[in-house]
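Examining the three-dimensional arrangement
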Amino acid sequence: MDLIIKNGRVVDPARKIDSVTDVTVRGGKIARVGSANAADLPVFDAAGLTVAPGFFDIHVHLREPGTEEAETIASGGSAAVAGGFTAVAAMPNTKPPNDNPSITQYIISEARRSSPARVFPVGAITKEQKGQTLAEIGEMFEAGIAGISDDGKPVMDAQLFRRALEYAQLFDMPVIQHCEDLHLSKGGVMHEGMYSTRLGLKGIPAAAEETMVSRDLILAQMTRGKYHVAHLSTRRAVEMVREAKARGLNISAEATPHHFTLTDAAVADYDTNAKMNPPLRSADDVAALAEGLRDGTIDAIASDHAPHHINLKMLEFDRAPFGIIGLETAVGLACTKLQLPLARLIEVFSLNPQRIMKVRNWGLFEGSDADLTVLDLNRPWSFDVNQSRSKSRNSPFHGWQLKGKAVATIVGGKLVYEDRR
Ligand SMILES: [Zn+2]
Ligand SMILES: [Zn+2]
């Protein structure tokens, strides 16, 4: 747990650091940022590389308990560190769902035992994610959840969602909404537009997301709750978040790499790896997400890593489940597709996720946990899904040529992933 990371370009927007220097780690904590010459410590040569505070993917499905053939806490954690993430937030739609403290405790203890990445469980908003009564939120908070969400489903009942926004304030936790009006999206399998018409597939209109974002922003204003929009996918939804932030609401939002990279054209050959929820949208929506990430409207990039067993993704398009794996491609896609300034890239992957989920001891402050992501921004590479550490193979990015990659991941001072030339 002792290490010197030497001669890297150390960038931490929270501490306003951007310089070529060393990071000294002792006992798993950051001991010093600045030139080091402790000859007794092992050295990691980071010359030519960027050293950032640990990346945190706040939207991941680990599938354990219940669907271990698709992913486990161990395999998902391993994929996370291979993607440069030192931490993930695990969504509660497991089987059974994480709606009570015993499941929360199970996830935390299993993660400590088997995952190289830190795992922060997200608790359900409602019991069994059925949208009828609030889950055991206070008890789950005591057990260690970092936020609440019914992700996979929205909370359709506005009164219940209002209560959740009020109650979560007692714990200063975000309420994370999967924005989808289930009446508008019913039966839909892809974005409603020219392609859905041409392909003869039932569409999910942009309005399914936008009406829910709109309703929730009104409730967030009314309650002053801490509200977070998961996987934004439409221009109008981005605009509503921008406008609500300008009015000072306590809100945040994330976007996924697939939504800022792909359009509904990817569905054209009925590829089930282009089936996600929310669906891939239009080129104009893709442009709006990139703008939102650039101008600060969208706070974080999150993968919505959603492993599914290959047998399910082999089903015909209408019947296949929604979602793709994304932990190992998120950073490469962001580097390749967005051209964000470096400090902004680190904000959306590290600082802002940590602020949203209120995780302590983050960043390159002395005494903080030594969780670090080391990037090679110039590294060309291609993603081979067959080499993925995930137990699932459902990615539309197999064979993609990318530029920029996490080449080392350090958690608590321990080098848990390395991919050096
Ligand atoms: Zn979702
Ligand atoms: Zn999700």
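Everything below is about the structure shown above.
Residues numbered from 1 in each chain as written. Chains lettered and ligands numbered in written order. Predicted model: local features only at pLDDT ≥ 70, side-chain atom pairs only at ≥ 80, totals over all residues. Heavy atoms only, no water.

**Considerations on the overall build of the protein chain**
Within the protein chain, the regular secondary structure consists of 13 helices and 18 strands. The C-alpha atoms of the protein chain give a radius of gyration of 20 Å, which matches the 22 Å a tight globule of 421 residues would have. Counting only C-alpha atoms, the protein chain reaches 65 × 45 × 45 Å along its principal axes. Counting across all 421 residues of the protein chain, residues that qualify as buried make up 63%. When contacts within the protein chain are restricted to residue pairs at least 6 apart in sequence, long-range pairs at least 24 apart make up 75% of them. Counting only carbon and sulfur atoms, one obtains 49% of the accessible surface of the protein chain, whose full area is about 15,800 Å². Placing the 47 positive and 51 negative side-chain charges of the protein chain at their respective mean positions leaves the two points 2 Å apart. (Helix = DSSP H or I, 4+ residues; strand = E, 2+ residues; numbered from the N terminus. Rg over C-alpha atoms; globule rule 2.2 N^0.38 Å. Buried < 20%, exposed > 50% of the residue type's maximum accessible area, 1.4 Å probe, protein only. Contact = heavy atoms within 4.5 Å. Areas by Shrake-Rupley, 256 points an atom, 1.4 Å probe, with all protein chains shown as cover. Lys, Arg positive; Asp, Glu negative; His and termini not counted. Charge placed at Lys NZ, Arg CZ, Asp CG, Glu CD.)

**Comments concerning the coordination of the zinc ion (ligand 1)**
Within the protein, the zinc ion (ligand 1) binds to Asp151 (OD), His178 (ND1) and His231 (NE2); these donor distances fall in the range 2.0 to 2.1 Å. Here the zinc ion (ligand 1) and the zinc ion (ligand 2) are spaced 3.5 Å apart, linked through Asp151, which binds each one. Here His178, found in the loop between strand S10 (175–177) and helix H5 (182–185), pairs with His231, found in the loop between strand S13 (227–229) and helix H8 (235–246); they are 53 residues apart in sequence, far enough to count as distant. Accessibility assignment for this pair places His178 and His231 in one class, buried. (Donors = N, O, S within 2.8 Å, 3.2 Å for Na, K, Ca; no water.)

**Observations concerning the coordination of the zinc ion (ligand 2)**
The coordination sphere of the zinc ion (ligand 2), as far as protein atoms go, consists of His59 (NE2), His61 (NE2), Asp151 (OD) and Asp304 (OD), spread over 2.0 to 2.2 Å. Coordination at the zinc ion (ligand 2) comes from four donor atoms whose angles at the metal span 84 to 168°, giving a geometry best classed as irregular. Counting along the primary sequence, the residues that act as donors to the zinc ion (ligand 2) give the motif H-x1-H-x89-D-x152-D. (Tetrahedral: all angles 85-135°; square planar, octahedral: opposite > 155°, others 65-115°.)

**Looking at the packing of aromatic side chains**
Enumeration according to the criterion identifies nine aromatic pairs in this entry. Between Phe141 and Phe171 the ring centres are 4.9 Å apart and the planes differ by 35°, which places this aromatic pair in the tilted class. Taken as a pair, Phe141 in helix H3 (residues 137–143) and Phe171 in the loop between helix H4 (158–168) and S10 lie far apart in primary sequence, 30 residues in all. Take Phe141: its relative accessible area is 31%, and that puts it in the partly exposed class. Across from the ring centre of Tyr195, 5.2 Å away, lies the NZ or CZ of Arg198, which sits over that ring. (Phe/Tyr/Trp six-rings, centres within 6.5 Å; stacked < 30°, edge-to-face > 60°. Lys NZ or Arg CZ within 6 Å of the ring centre and 35° of its normal.)

**Side note on the nonpolar core**
If you look at the biggest cluster of nonpolar residues, it comprises 73 residues, and the most contacted ones within it are Ile148, Tyr227, Leu232 and Phe349. Counting 19 residues, the second largest nonpolar core, distinct from the first, contains Val25, Phe44, Ala370 and Ile410. (Core = buried A, V, L, I, M, F, W, Y, C linked by side-chain atoms within 4.5 Å.)

**Quick word on the side chain of Asp369**
Within the secondary structure layout, Asp369 lies in the loop between helix H13 (342–357) and strand S16 (372–382). A polar atom in the side chain of Asp369 sits 2.7 Å from the side chain of Lys29. Leaving out residues up to four positions away in the same chain, Asp369 has contacts with Gly28, Lys29, Ile30, Arg118, Asn361 and Gly363. (Polar contact = N/O pair within 3.5 Å; in protein donor to acceptor, adjacent residues only side chain to side chain.)

**Digging into the packing of H4 against helix H7 (residues 206–223)**
Interaxial distance between H4 and H7 falls to 10 Å at its minimum, and their mutual angle equals 45°. The angle between the axes of H4 and H7 places the two elements in the oblique class. Note that H4 runs across H7; the crossing there is right-handed. Across from Ala158, Phe161, Arg162, Leu165 and Glu166 in H4, the residues of H7 making contact are Arg215, Asp216, Leu219, Ala220, Met222 and Thr223. (Axes fitted to C-alpha atoms, helices over the stretch in contact; angles between N-to-C directions. Parallel < 35°, antiparallel > 145°, perpendicular 65-115°, else oblique. Left-handed = near helix turned anticlockwise from the far one by under 90°.)

**Looking at helix H1 (residues 73–82)**
Counting buried residues in H1 gives nine out of ten residues, a clear majority hidden from the surface. Turning to H1, its buried residues number three or more, namely Ile73, Ser75, Gly76, Gly77, Ser78, Ala79, Ala80, Val81 and Ala82. Structurally, H1 contributes buried residues whose contacts are with strand S7 (85–90), helix H2 (101–114), strand S8 (118–123), strand S17 (401–411) and strand S18 (414–418). Positive phi appears at Gly84, one or two residues downstream of H1, with a value of about 95°.

**Thoughts on the pattern of salt bridges**
Overall, the coordinates contain 24 salt bridges when judged by the stated rule. Note that Asp369 and Arg118 form a salt bridge whose closest N and O atoms lie 3.9 Å from each other. Of this pair, Asp369 sits in the loop between H13 and S16 while Arg118 is found in strand S8, placing the two residues 251 residues apart along the sequence. A relative accessible area of 27% means that Arg118 is categorised as partly exposed. For the salt bridge of Asp419 with Arg379, the shortest nitrogen-to-oxygen distance reads 3.1 Å. Taken together, the residues Asp419 in the segment after S18 and Arg379 in strand S16 connect sequence positions 40 residues apart. With a relative accessible area of 8%, Arg379 lands in the buried category. Taken together, the shared-partner salt bridges connect Lys29, Arg118, Asp369 and Asp371 into one network. (Salt bridge = Lys/Arg side-chain N within 4 Å of Asp/Glu carboxyl O.)

**With respect to H7**
End to end, H7 covers 26 Å across 18 residues, agreeing with the expected 26 Å (1.5 Å per residue, within 8%). Among all positions in H7, only Ala208, Glu209, Glu210, Met212, Val213, Arg215, Asp216, Leu217, Leu219, Ala220 and Thr223 are buried. Positive backbone phi, at 55°, marks Arg224, one or two positions downstream of H7. (Expected span 1.5 Å × (residues − 1).)

**Observations regarding the environment of Ile310**
Along the polypeptide, Ile310 turns up in helix H11 (residues 310–313). Exposure remark for Ile310: the relative accessible area of 46% places this residue in the partly exposed category. Spatially, the C-alpha atoms of Ile310 and Ser392 are 6.7 Å apart, while their sequence positions differ by 82 residues.

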